Structures are given as C-alpha cells and as structure tokens.
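# Structural overview for review
Listed below, chain by chain, are the residues.
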Amino acid sequence: AHAREKHVLKARLRIHSNVARRYEVQEVKCMRCGLVQSSSNCCMSTKCKGAPFARYYCSVCNFWDDDESKEIYHCSKCVICRVGRGIGTDRQHCDTCGCCYPIEHFRDHHCIPKQLQSNCPVCNQFLFTSVSMVLITHCGHAIHEECMRQMLASGIYKCPLCMKTLLDMMPAFALMCDCVANTRMPPEYQHTTVLIFCNDCERKSTVPYHFLGHPCPFCHSFNTSVLQMFNSPDFSPDGRIVEPNVDPPRQPIDGGLPP
C-alpha cells in the first residue's frame, strides 16, 4: 500500500509539471479516508459511501473541479476541458483554428490555423492550456483578457503582433485630426512631407509632416508609421536652421559646356 501511495504522489507531481501527464493518471487518493483507488469521481470506501470528489469530473482529462461559480465542459476535438456550458450551447469548435469560440462570435471570427497553439504576446503564457480568459481580437490574434485590459489602461491600443487598432478609435482620431488642423507648423516645415504606412488599411501614402501625427488619407487612421521624410530642415548643434550648402552653377568656358 505504501508503494502504491508513492506512485500516486509521483503521478500528482507530474501533473503539476506537465499538463499532458494528467492523461496517464490511473489511481487517486481520497483525502477523507486515505484510500488509494482507481480514478473516478466517487470514493469507493465504505466510510465515504460514494461521496463525490468534486462537482465536475472528466474521465478523459482526469480533471476535478469543485468551483460552483463556473460551468465546465469537455471538448472532444480540443481534447481538453474548457470553461462554458458546452458545444452547441454557448460554445462552438472551429476545426481550422483548432479551438472553441463563444457561439455568438463564431460566425464572424477570423480563422487562423492553430489559433491558440502559441503564447500570449504580452505575458508569454501558452494560450491553449491557459486557465485565464482568452480573447480573439478583430485582427484575429489571441491574447489574455487581463493582458489586454492592462494594455488599454496603459494607453496601448495596438495589437502587439500586427499593430492594428484593437478598438474603434475613430472618435479619438477625429479629435486628433482637429488638433492637427488647428496647430500651425513652423515655416521651415512648410515643404516637409513624409512617406507613411497605415497599420490599419496597410497602404502607403505621402502626407505633410506634422508634430502631432499623420492621418492616413484613405481610412483616416492615425495608427501610422513614418517610413521616410522629404525636404526636412537641417539644424546646427545650437538649434539654428542651417541653410543648405548649394554650390553656384559654374560658368561656361569659351562658350563651351561647364567642366
């Protein structure tokens, strides 16, 4: 019995170090009576009289959960237990993405093969087996709900992977556009332009340079990156504008062409 108990304890240690090892568990130990028995959700001892180990039990995952505040179901395609009431009730599995979505978002979601077979771009935790809530952004990338909340609270509204906006920023972009229109640039920048790339519509364009930002002329997004600047003024170390050093044209010699 002592050897069997050691085997059960060793199996529990493997479960904590590697989630996949939970499928190898064959025996469990009742914490009430101490009986080591075959894996199930009810104690087989006469003392416990079939008392359940937990409110939820999955014989495939060898998973027990006694939290009454959440519903849990097993997805046979994910081969894992997830939070929710079940497939067809409030969840739907996508074979292309290889994961489950809330049923109200399933029809409009953006398919990416093996969607959750990656790490969260913020905390670097593996998403497929994460116990934290995972969100799918409008651009189709996965991120922890809490990680996204912290990003937005810090003023970061871009996807860490593709740099597209995570929310509807058009009201904020309209305010920024008014600020740009009402803020006059110094005269030395009147001919300065920049080549920009819009992270939202993925188009390039050339627009006037401005200190506050550069709106995309196609989708009006301020989520743009400067690729190149043209006709920018030069400054000396003390901050004064340096006039460009342009050599005067050479005069022809003996009526011929300049050397």
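Residues numbered from 1 in each chain as written. Predicted model: local features only at pLDDT ≥ 70, side-chain atom pairs only at ≥ 80, totals over all residues. Heavy atoms only, no water.

## Observations regarding the packing of aromatic side chains
Tallied over the entire structure, the rule returns seven aromatic pairs. Ring geometry for Tyr189 versus Phe211: centroids 5.3 Å apart, planes at 75 degrees, classification edge-to-face. Remark: Phe211 occurs in the loop between β12 (204-208) and β13 (224-230) and Tyr189 occurs in the loop between α3 (170-182) and β11 (193-198); sequence separation between them is 22 residues. For Tyr189, a relative accessible area of 14% gives the class buried. The class for Phe211 is partly exposed, based on a relative accessible area of 48%. Every member of this aromatic cluster is reached through a ring pair, and the members are Tyr157, Phe173 and Phe222. Across from the ring centre of Phe128, 4.7 Å away, lies the NZ or CZ of Arg82, which sits over that ring. Cation over ring: Arg203 sits above Phe218, and NZ or CZ is 3.7 Å from the ring centre. (Phe/Tyr/Trp six-rings, centres within 6.5 Å; stacked < 30°, edge-to-face > 60°. Helix = DSSP H or I, 4+ residues; strand = E, 2+ residues; numbered from the N terminus. Buried < 20%, exposed > 50% of the residue type's maximum accessible area, 1.4 Å probe, protein only. Lys NZ or Arg CZ within 6 Å of the ring centre and 35° of its normal.)

## Some remarks on the pairing of β12
In the sheet, β11 pairs with β12 via five bridges, with the strands oriented antiparallel. Bridge assignment links Ile196 to a residue of β12, and that residue is Ser205. Counting the residues that bridge the hairpin from β11 to β12 gives five residues, and of these Glu202 lies at a positive phi of roughly 60 degrees. (Pairing = 2+ DSSP bridges.)

## So, the pattern of salt bridges
By the definition in use, this model includes seven salt bridges. One salt bridge connects Arg149 with Glu146, and the closest N-O pair in it is separated by 2.6 Å. Residue Arg149 and its partner Glu146 are located together in helix α2 (residues 145-153), separated by three residues, close to a single helical turn. On the accessibility criterion, Glu146 (40% relative accessible area) is partly exposed. Here Lys164 ties to Glu202 by a salt bridge, and the two come within 3.1 Å at their closest N and O atoms. Of this pair, Lys164 sits in the loop between α2 and α3 while Glu202 sits in the loop between β11 and β12, and the two are 38 residues apart along the sequence. Lys164 gets classed as buried once you look at its relative accessible area, which sits at 18%. On the basis of relative accessibility, which here comes to 53%, the residue Glu202 falls in the exposed class. Ionic contacts of the salt-bridge type, sharing partners, join the residues Arg85, Asp90 and Arg91 into one network. (Salt bridge = Lys/Arg side-chain N within 4 Å of Asp/Glu carboxyl O.)

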